[in-house]
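Okay, here's what each chain looks like letter by letter:
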Amino acid sequence: MKLQRNGRSKALAIGAVALVSSLSLAACGTDDNTKPAAGGSSGAAPAAAIACAKGGQLLGAGSTAQGNAVDVWKAAYGAACSGTTVTYGAVGSGAGIQQFNQGKVAFAGSDSALKPAEVDASKAVCTGGQGVNLPMVGGLISVVFNVDGVDKLVLDGPTIAKIFDSQITKWNDPAIAALNPGVNLPAADIQAIHRSDDSGTTENLTKYLAKASNGAWTYPAAKTWAGKGGQSANGSAGVSAQVKGVKNSISYVELSFAQTNKLNSAAINTGASKPVEATAANGATTFAKAKIAGTGSDLALTLDYATKDEGAYPLVLVTYEIACDKGNKAESLDLLKSFLTYTISDNGQQAIGQAGYVPLPKELSAKVQAVIPTLA
């Protein structure tokens, strides 16, 4: 299997292959080849096999937030399944949905569920069906910062909103100082950085600000940035690079990118007894209470961005793989179902859990696992 990788993904891909080796995943070439993989170390249960498709090419595009996760999955799937090519373009959620609705890709990754108009547009390429949202990647949005002399920072919804709308412009502003007693905040200008492309990460951040800023964020939640001022960068990788290279900067990226780039993440004061750190475990606490808002095969979720539960990190996102419920292209349907079956499996979710993502709750994973075989 040939895999397209950029420089960022090579290290992750190598790590994923090592993970596959440790799980002893068996190579397989057809739909009928589902024999268990060889057992691992003494006393360990055998790892489950990947049920491979017969071969072919699968094209996807969209969310940059899940880019690192897809790199891990492609490496694992490729190590197990010869004769297949999985290509994913991390172009942003908005561009991914556009490519899907133009019939250019078999699936799109989006950090926000399809809008009604996007569902209607999908009917032109999903013959007899429509695009549906399948939760696949759990993540959380880190508010990342690069501030001279500061490695721990607490922020809350109103303060984050004012920073990204240029209402708070200095790091030693009283609002920030009040949340960080004893921290020596510099009297430096804040360099706020937002996404330049249409982004589901931006939409999830602005959904949070709409719920948790006490009215400080006056714009509608959207993929397109609306706040005043600031700098911009393209994609999660671009934003991460900007923060890493610009002193006294702040932005928002998926936790995996924060960890990969060794960026500091702010804790969030939600109103719980203590600020909540940006960790996968704290994100999982929020995901555990997510509700399904979609119907039928559509599993779009409702997330509580205003949670005040202890240890619940509020700035979470879920990336959906968007596919046709009916009307998928025959030449890629088997590979689509095989690849998605692996990504939502326990092995697939555990693999990206080691790369800074949040494995989805088993109850939710089971619902996704039930839908994938019905895709037609």
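Preceding this section is the structure that the text describes.
Below: a short report on this structure.

What counts and how
- Here the residue numbering is sequential within each chain, running from 1 through the sequence in written order.
- Only residues with pLDDT of at least 70 get local features here, since the model is predicted, and only at 80 or more are side-chain atom pairs given and counted; chain-wide, interface and lining totals rely on the full set of residues.
- Note that water and hydrogens are dropped before the side-chain values are worked out from all heavy atoms of the structure.
- Think of it this way: any DSSP run of H or I at least four residues long counts as a helix, any run of E at least two long counts as a strand, and we number them from the N terminus.
- Using a 1.4 Å probe on the protein chains alone, a residue whose accessible area is under 20% of its type maximum counts as buried, one over 50% counts as exposed, and one in between counts as partly exposed.
- Throughout, a contact is declared for two residues whenever any of their heavy atoms are within 4.5 Å.
- Only the protein chains shown count as cover for residues, and all accessible areas are computed by the Shrake-Rupley method using a 1.4 Å probe.
- By convention in these notes, a salt bridge is any Lys or Arg side-chain nitrogen within 4 Å of a carboxyl oxygen on Asp or Glu.
- Pairs of strands are assigned from DSSP output, requiring at least two bridges between the strands.
- Here is how to tell: hold the view so the strands point away, follow the path from the first strand over the helix to the second, and if it runs clockwise the crossover is right-handed.
- Aromatic pairs are defined between Phe, Tyr and Trp rings, using the six-membered ring for Trp, whenever the two ring centres lie within 6.5 Å; interplanar angles under 30 degrees are classed as stacked, those over 60 as edge-to-face, and all others as tilted.
- Multiplying 1.5 Å by the residue count of a helix minus one yields the expected span of that helix.
- To obtain each axis, a line is fitted to C-alpha atoms, and for helices this fit is confined to the stretch in contact; angles are then taken between N-to-C directions over 0 to 180 degrees.
- In what follows, roughly perpendicular refers to angles from 65 to 115 degrees, roughly parallel to angles under 35, roughly antiparallel to angles over 145, and oblique to any angle outside these ranges.
- What makes a crossing left-handed is the near helix being turned counterclockwise from the far one by less than a right angle; a clockwise turn instead makes it right-handed.
- Charged residues are taken to be Asp, Glu, Lys and Arg, nonpolar residues to be Ala, Val, Leu, Ile, Met, Phe, Trp, Tyr, Cys and Pro, and polar residues to be all remaining types, Gly included.

A look at the overall build of the protein chain
- Scanning the protein chain from terminus to terminus reveals 13 helices and 13 strands.
- Per-residue burial for the protein chain yields a buried fraction of 55% across its 376 residues.
- By sequence separation, contacts in the protein chain at least 24 residues apart represent 74% of the contacts at least 6 residues apart.
- Looking at the protein chain as shown, the accessible area adds up to about 14,900 Å², and 52% of this sits on carbon and sulfur atoms.

Regarding the pattern of salt bridges
- Enumeration over the complete set of coordinates arrives at ten salt bridges.
- Between Lys247 and Asp148 there is a salt bridge; the shortest N-O distance is 3.6 Å. Highlighted residues: Lys247 in the loop between α8 (235-245) and β8 (249-254) and Asp148 in the loop between β4 (131-146) and β5 (154-156), separated in sequence by 99 residues.
- Accessibility expressed as a relative area gives 40% for Asp148, which makes it partly exposed.

Description of the pairing of strand β1 (residues 56-62)
- Summarising the sheet, β1 and strand β2 (residues 84-90) pair through seven bridges and their orientation is parallel. By the bridge assignment, Ala61 is partnered in β2 with Gly89.
- You can see the chain leave β1, run along helix α2 (residues 67-80) and come back into β2, and the turn it takes is right-handed.
- In this structure, β1 lies alongside strand β3 (residues 107-110), joined through three bridges in parallel fashion. Within β3, the position partnered with Gly60 by the bridge is Phe107.

Let's talk about the packing of aromatic side chains
- Per the counting criterion, the structure on display carries eight aromatic pairs.
- Pairing Tyr88 with Phe107 gives two aromatic rings, centres 6.1 Å apart and planes at 15°, and the pair type is stacked. Taken together, the residues Tyr88 in strand β2 and Phe107 in strand β3 connect sequence positions 19 residues apart. The exposure classification of Tyr88 matches that of Phe107, with both residues buried.
- Between the aromatic rings of Trp217 and Tyr219, the centroid separation amounts to 4.9 Å while the plane-to-plane angle is 70°, which identifies the pairing as edge-to-face.
- Residue class for Trp217 comes out buried when judged on its relative accessible area of 5%.
- A relative accessible area of 18% places Tyr219 in the buried class.
- In this structure an aromatic cluster arises from ring pairing among Phe164, Trp217, Tyr219, Trp225 and Tyr252.

Quick word on helix α11 (residues 330-343)
- Taking 1.5 Å of rise per residue, 14 residues should cover 20 Å, and α11 covers 21 Å from first to last C-alpha, within 8% of that figure.
- Burial in α11 covers these residues: Ser332, Leu333, Leu335, Leu336, Ser338, Phe339, Leu340, Tyr342 and Thr343.

Details of α2
- The end-to-end C-alpha distance of α2 is 20 Å, a good match for the 20 Å that 14 residues give at a rise of 1.5 Å each.
- Burial analysis of α2 places 13 of its 14 residues in the buried class, which makes it a mostly covered element.

Re the packing of helix α5 (residues 157-164) against helix α7 (residues 200-212)
- Look at α5 against α7: their axes get within 9 Å of each other, and the N-to-C directions meet at 125°. Of the possible angle classes, the one that applies to α5 and α7 is oblique. In terms of crossing hand, the pair formed by α5 and α7 is left-handed. Contacts from Gly157, Pro158, Ile160 and Ala161 of α5 reach α7 at Tyr208, Leu209 and Ala212.
- A class-by-class count of the residues in the contact of α5 with α7 yields six nonpolar, one polar and no charged.

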